[in-house]
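A structural walkthrough
Chain by chain, the residues run as shown.
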Amino acid sequence: MQEETKDRIPLWLYPSTIECMDALLEKDNCKSRSEFIEKAVRFYSGYISAEDGMKFLPTAITSAMTGIVNTLENRMARLIFKLAVEMSMMMNILASTAEVDENTLRRLRGKCVNDVKKSVGSVTFEDVAKFQKGE
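The structure presented is a predicted model; accordingly, all values stated were derived computationally and were not measured.

Notes on a nonpolar patch on the surface
Among the surface-exposed residues, Leu83, Met87, Met90, Met91 and Leu94 lie close enough to one another that they form a single nonpolar patch of about 500 Å² accessible area. Here Met90 lies in helix α3 (residues 59-97). Taking the relative accessible area as the measure of exposure, Met90 reaches 43% and is therefore partly exposed.

Regarding the environment of Ala60
Of note, Ala60 is situated in helix α3. Accessibility expressed as a relative area gives 58% for Ala60, which makes it exposed. Sequence separation between Ala60 and Leu108 is 48 residues, and the spatial gap between their C-alpha atoms is 50 Å.

With respect to the environment of Ile9
By the secondary structure assignment, Ile9 is in the segment before α1 (15-24). The class for Ile9 is exposed, based on a relative accessible area of 63%. A sequence separation of 76 residues divides Ile9 from Val85, and the C-alpha atoms of the two residues are 70 Å apart.

Concerning helix α4 (residues 102-118)
Taking 1.5 Å as the rise per residue, α4 with 17 residues should run 24 Å; its terminal C-alpha atoms sit 24 Å apart, in good agreement. Two or three places before Asn103, at the start of α4, stands the capping residue Asp101, its side-chain oxygen 3.1 Å from that residue's backbone nitrogen. Positive phi appears at Val120, one or two residues downstream of α4, with a value of about 55°.

Things to note about the confidence of the model for the protein
Model confidence for the protein is summarised by a mean pLDDT of 85, while 93% of its residues fall at 70 or above. Predicted confidence in the protein is weakest over helix α5 (residues 125-132), with a mean pLDDT of 83, and strongest over α1, with 94.

Side note on the packing of α1 against helix α2 (residues 33-49)
At a minimum axis separation of 10 Å, α1 and α2 run at an interaxial angle of 95°. One finds that α1 runs roughly perpendicular with respect to α2. Contact with α1, carried on its side by Ile18, Met21, Asp22 and Leu24, involves Arg33, Phe36 and Ile37 of α2 and no other residues of that element. Residues of the contact of α1 with α2, tallied by class, amount to 5 nonpolar, no polar and 2 charged.

Notes on the environment of Val100
Residue placement: Val100 occurs in the loop between α3 and α4. Given the relative accessible area of 43%, Val100 is considered partly exposed. Taking the C-alpha atoms as reference points, Val100 and Asp7, 93 residues apart in sequence, are found 86 Å from one another.

Quick notes on the rules
- Residues numbered from 1 in each chain as written.
- Predicted model: local features only at pLDDT ≥ 70, side-chain atom pairs only at ≥ 80, totals over all residues.
- Heavy atoms only, no water.
- Patch = residues over 30% accessible without salt bridge, like charges linked within 9 Å, V, L, I, M, F, W, Y side chains within 5 Å.
- Areas by Shrake-Rupley, 256 points an atom, 1.4 Å probe, with all protein chains shown as cover.
- Salt bridge = Lys/Arg side-chain N within 4 Å of Asp/Glu carboxyl O.
- Helix = DSSP H or I, 4+ residues; strand = E, 2+ residues; numbered from the N terminus.
- Buried < 20%, exposed > 50% of the residue type's maximum accessible area, 1.4 Å probe, protein only.
- Expected span 1.5 Å × (residues − 1).
- Polar contact = N/O pair within 3.5 Å; in protein donor to acceptor, adjacent residues only side chain to side chain.
- pLDDT = per-residue confidence, 0-100.
- Axes fitted to C-alpha atoms, helices over the stretch in contact; angles between N-to-C directions.
- Parallel < 35°, antiparallel > 145°, perpendicular 65-115°, else oblique.
- Contact = heavy atoms within 4.5 Å.
- Nonpolar A, V, L, I, M, F, W, Y, C, P; charged D, E, K, R; others polar.

Below is the structure:
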């Protein structure tokens, strides 16, 4: 593969732009203004063409998003655990007083699975009370 050579072009910049560039050279690990400008042009070209959008998404944004998602995941896991504990307590209290045979439990589980699927997880107490009363 043939190695590409650089061409020299005239470039006019405002002094404030040059100051900004000089201040950021070291932060961007650039050894020269030319390298900084080349990186900037490549970044902006990629941004404009949007062919590889993820490549140009700033690391800070992806890190922040990852942190937010991880925090939400941990919070949801804790809430689901607490809900499972409460459900277990409720089931134990009900089971200690209710006399329900295994066949009825199996049919009830099937009905409950279907109810939850139909309602996308939103089963109301009113609906269950109507069913239990035969309405």
